[in-house]
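Descriptive structure summary
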Amino acid sequence: HKSKFTQFIFFYLAGSDAKIRASASQDGSEPDTSQPIYRAFASFLLNLSLSPSLPPIKRGSAVSYLASFLSRSNFVDAGTISETLH
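Below or above, wherever it landed, is the structure these notes cover. (Residues numbered from 1 in each chain as written. Predicted model: local features only at pLDDT ≥ 70, side-chain atom pairs only at ≥ 80, totals over all residues. Heavy atoms only, no water.)

**Looking at the packing of helix α2 (residues 37-50) against helix α4 (residues 78-85)**
Packing of α2 against α4 leaves a shortest axis separation of 11 Å and a crossing angle of 10 degrees. In terms of orientation, α2 and α4 fall into the roughly parallel class. For the pair α2 and α4, contact is made by Y38, R39, A42 and L46 and by G79, T80, E83 and T84, respectively. (Axes fitted to C-alpha atoms, helices over the stretch in contact; angles between N-to-C directions. Helix = DSSP H or I, 4+ residues; strand = E, 2+ residues; numbered from the N terminus. Parallel < 35°, antiparallel > 145°, perpendicular 65-115°, else oblique. Contact = heavy atoms within 4.5 Å.)

**Section: α2**
One turn of an α-helix holds 3.6 residues; hence residues three or four places apart share an orientation. With 14 residues, α2 extends 20 Å between its outermost C-alpha atoms, agreeing within 8% with the 20 Å of an ideal straight helix rising 1.5 Å per residue. Residues of α2 that are buried include every one of Y38, F41, A42, L45 and S49, and no others. Angularly, the buried residues of α2 cover 100 degrees about the axis, an arc narrow enough to put them on a single face. With respect to the buried face of α2, the exposed residues turned more than 90 degrees away are N47 and L50. (Expected span 1.5 Å × (residues − 1). Buried < 20%, exposed > 50% of the residue type's maximum accessible area, 1.4 Å probe, protein only. Arc of directions from axis to C-beta.)

**Concerning the packing of α2 against helix α3 (residues 56-72)**
Two numbers describe how α2 lies on α3: the axes approach to 8 Å, and their chain directions differ by 150 degrees. Taken together, the axis directions place α2 and α3 in an arrangement best described as roughly antiparallel. Crossing handedness for the pair α2 and α3: left-handed. Where α2 approaches α3, its residues Y38, F41, A42, L45, L46, L48 and S49 are matched on the opposing element by R59, A62, V63, Y65, L66 and F69. Residue classes in the contact of α2 with α3 are distributed as 11 nonpolar, 1 polar and 1 charged. (Left-handed = near helix turned anticlockwise from the far one by under 90°. Nonpolar A, V, L, I, M, F, W, Y, C, P; charged D, E, K, R; others polar.)

Printed below as a string of structure tokens:
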């Protein structure tokens, strides 16, 4: 793999999105009905890991990153983790 820190950029962006959503809900702003970035990203990685058209090394990388992402992030809700693991 050629990236050393690139994966943490998306981790940072997903965490920032979660913080923005939380502060918007606390200040009475109109709720954002779009899917959180972390949920869309988890879904994307899960789809990659289950794709039979990808080589096993890419599927393995996707599932490894997904496991790392879900285990390290404190902003991912329990529902997303449960749905991903189910």
